[in-house]
Amino acid sequence: MAGPIRALIVEDEPLARERLKMYLADEPDVEIIGECADGRQAVAAIRSLGPDLVFLDIQLPELDGFGVVEEVGAESMPVVVFITAYDQHAMRAFDVYALDYLLKPYKPDRLRRAVERARAQVLRGKGGALNERLLSLLESVRTGPQHVERLMIKSPGRVYFIRADEIDWIESEGNYVRIHAGKESHFLRDTLGGMEARLDQQKFVRIHRSTIVNVESIKELQPLFSGDYTVILHSGERLTMSRGHKEKLLSLIGK
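Everything numeric here is computed off the predicted structure, so don't read it as measured data. (Residues numbered from 1 in each chain as written. Predicted model: local features only at pLDDT ≥ 70, side-chain atom pairs only at ≥ 80, totals over all residues. Heavy atoms only, no water.)

Draft legend 1. Representation of the nonpolar core in the model. With 48 residues, the main nonpolar core has Phe55, Leu56, Phe82 and Leu111 as its most contacted residues. Phe55 has contacts with Ala7, Leu8, Ile9, Val10, Leu20, Leu24, Val81, Ile83, Leu111 and Val115, leaving out every residue within four places of it along the chain. Ranked by size, the runner-up nonpolar core spans 14 residues in total, among them Val177, Leu188, Met195 and Phe204. (Core = buried A, V, L, I, M, F, W, Y, C linked by side-chain atoms within 4.5 Å. Buried < 20%, exposed > 50% of the residue type's maximum accessible area, 1.4 Å probe, protein only. Contact = heavy atoms within 4.5 Å.)

Structure (structure tokens):
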């Protein structure tokens, strides 16, 4: 291969992107050709820019890292270095299928080793072996646990976790969701649809286009004249359930 290795960074946290760019500045043959903050942007950039290498965060808004691989197609993916803060199931799959990943918080020497391995793959040319491993990874991840047991919350200077069972309800706020857990609330960059897909749908149900609720947190339902309901939580919070979502909630409560 002639010329630099053209790399794309896919990471939703600005500080993490800057840190990765700073570390990659020590790799003279790596040229950063683009940055993406969500999975949909990543799919478009991979297709339009054709990078040789992509640093791909797993936890992304709009479409997660595995969804990016699935949508682009494993056979069309560049060499990939996955990035994750904490995902035991994913890390086991990476190890089994010999795919490289960076576990946050990683250090420059760990990134350097990942770049060395990626460089060797790029120079050999993307081929059947890598594509087969990506396909096997997708099969492993998609047939594994379909819901998360805890969520990662990023805030300036730290990353912390809350258990899904602690969540009472979630509301949509533009490009973010606000997670209500007891007396605390947390912002997370994600869509309500993305949250719905990640959570156990036997425990969490959408009651409105902008609201998801933990069934265990519900104390009472009060019908309204319009056919809607007021959903009262054990915390005293009062939410509105639109009539189109009534059947799913009542079926879960019945269980």
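Draft legend 2. Expanded view of the sheet that holds strand S11 (residues 204-208). Ordered in space as S10-S9-S8-S12-S11, the 5 strands form an open sheet in which the pairing is antiparallel. Where the open sheet ends on each side, the last strands, each with one partner, are strand S10 (184-188) and S11. Strand-to-strand twist across the sheet, computed as the mean angle between neighbouring axes with direction ignored, equals 25°. As paired strands, S11 and strand S12 (residues 211-214) are joined by 4 bridges and run antiparallel to one another. Considered in S12, the bridge of Arg206 is made with Ile212. (Pairing = 2+ DSSP bridges. Helix = DSSP H or I, 4+ residues; strand = E, 2+ residues; numbered from the N terminus. Axes fitted to C-alpha atoms, helices over the stretch in contact; angles between N-to-C directions.)

Draft legend 3. Summary view of empty space enclosed by the protein. Counted according to the given criterion, the structure contains 1 cavity of 30 Å³ or more. The volume enclosed by the largest cavity comes to roughly 50 Å³. Tyr23, Asp26, Glu27, Pro108, Leu111 and Arg112 together form the lining of the largest cavity. Here the element with the most residues in the lining of the largest cavity is helix H5 (residues 108-124); it accounts for 3 residues. Here the lining of the largest cavity is composed, by residue class, of 3 nonpolar, no polar and 3 charged. (1 Å grid on protein atoms, 1.4 Å probe; cavity = no way out; pocket = protein on both sides within 12 Å on 5 of 7 lines; lining within 4 Å. Points joined across faces, edges and corners; volume = space filled by probe spheres on them. Nonpolar A, V, L, I, M, F, W, Y, C, P; charged D, E, K, R; others polar.)

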